[in-house]
Amino acid sequence: MAHELAVKVRFSETDALGHISNISYFIYLEEARIEFFKALGFDMAIEKWKVILASAKCDFINQGFFNQQLKVISAVSKIGNSSFSIVHRIEDAATGQLIAKGDASAVHFNFETQKSESLPDEIRSLLEKHLEEDA
Ligand SMILES: CC(C)(COP(=O)(O)OP(=O)(O)OC[C@H]1O[C@@H](n2cnc3c(N)ncnc32)[C@H](O)[C@@H]1OP(=O)(O)O)[C@@H](O)C(=O)NCCC(=O)NCCSC(=O)c1cc(O)c2ccccc2c1O
């Protein structure tokens, strides 16, 4: 099951060329990721944080512009031993035009020992509910 986040492009998120700045996409993806984790049921209190990001990528497919209404659709695409991956599609909310594609890999991480650990069954089963292997 995919998660959707609505984003309205602010003027400050565009650059001198009039389109959405590459930096802004990473802010949209971060917000989508955090809202997705909340929807998954993760406890997002900082002292209970259990994942760390190993990688984040964004492909810019079409330009986006000030005041455009976007939606960011997120799903789990892979579950490994200690890691999992999330894919995002950023679309124009009215037309469905693909604006950007993102993906990120997160690792189950113990911040006390500073080491990665296997995903516990409880997190694995939350992730499995949102797994779309062909996403
Ligand atoms: C990420 C590391 C902890 C990995 O180190 P480790 O020694 O554990 O590496 P292993 O080789 O044993 O791999 C374990 C596991 O991770 C997968 N993996 C490792 N690197 C990558 C990679 N680059 N891309 C994809 N996957 C990777 C590997 O395949 C293994 O998977 P298995 O499933 O087979 O077990 C370590 O490298 C590290 O600490 N790196 C620094 C991390 C960092 O500083 N990240 C940036 C800051 S965190 C961040 O920005 C962030 C943003 C958010 O918006 C968040 C939102 C919500 C939660 C967390 C967020 C967050 O952390």
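The text that follows walks through the structure, step by step, so that each part is easy to find. Counting from 1, residues in each chain are numbered in the order their sequence is written. Local features are withheld for residues below a pLDDT of 70 in this predicted model, meaning they are given only at 70 or higher, and side-chain atom pairs are given and counted only at 80 or more; totals for whole chains, interfaces and linings count all residues. Water and hydrogen atoms were dropped before computing side-chain values, which therefore reflect all heavy atoms in the structure.

### Observations concerning the site of the ligand
Piece 1. Taken together, 18 residues sit near the ligand, with Leu53, Asn81, Ser82, Ser83 and Ser116 positioned nearest.
Piece 2. Two N or O atoms form a polar contact when they lie within 3.5 Å of each other; inside protein one atom must be a possible hydrogen donor and the other a possible acceptor, and for residues adjacent in sequence the pair counts only when both atoms belong to side chains. Between the ligand and Arg33, the relevant distance is 2.9 Å, taken from an oxygen atom to a side-chain nitrogen or oxygen of the residue.
Piece 3. Within the side chain of Ser82, a nitrogen or oxygen atom sits 2.6 Å from an oxygen atom of the ligand.
Piece 4. Here the open area of atoms and residues is found with the Shrake-Rupley method and a 1.4 Å probe, where only the protein chains shown may cover a residue. The fraction of the free accessible surface of the ligand (1200 Å²) that becomes covered by protein chains is 52%.
Piece 5. Secondary structure elements follow DSSP: runs of H or I of four or more residues count as helices, runs of E of two or more count as strands, with numbering from the N terminus. Mapped by element, the contributors of at least two residues to the shell around the ligand are helix 1 (22-40), strand 2 (51-60) and strand 5 (98-110).
Piece 6. Here the shell around the ligand takes 5 residues from strand 2, the largest share from any one element.
Piece 7. Here the shell around the ligand is built from residues that sort into 9 nonpolar, 7 polar and 2 charged. Whether a residue is near a molecule or strand depends on its heavy atoms: it is near if one of them lies within 4 Å of it. Nonpolar residues are Ala, Val, Leu, Ile, Met, Phe, Trp, Tyr, Cys and Pro. Charged residues are Asp, Glu, Lys and Arg, and all others, Gly as well, are polar.

### Focus on the pattern of salt bridges
Piece 1. Criterion for a salt bridge: a side-chain nitrogen of Lys or Arg within 4 Å of a carboxyl oxygen of Asp or Glu. The full count for this structure, using the stated rule, is 6 salt bridges.
Piece 2. Here Asp43 makes a salt bridge to Lys48, at a shortest N to O gap of 3.5 Å.
Piece 3. Of the residues examined, Asp43 reaches a relative accessible area of 41% and is grouped as partly exposed.
Piece 4. Buried, partly exposed and exposed residues are distinguished by accessible area as a fraction of the type maximum, computed with a 1.4 Å probe on protein chains only: under 20%, between the cut-offs, and over 50%, respectively. Residue class for Lys48 comes out partly exposed when judged on its relative accessible area of 41%.
Piece 5. The partner of Lys57 in a salt bridge is Asp59, and the shortest N-O contact between them spans 3.6 Å.
Piece 6. Taking relative accessible area as the criterion, Lys57 reaches 41% and is therefore assigned partly exposed.

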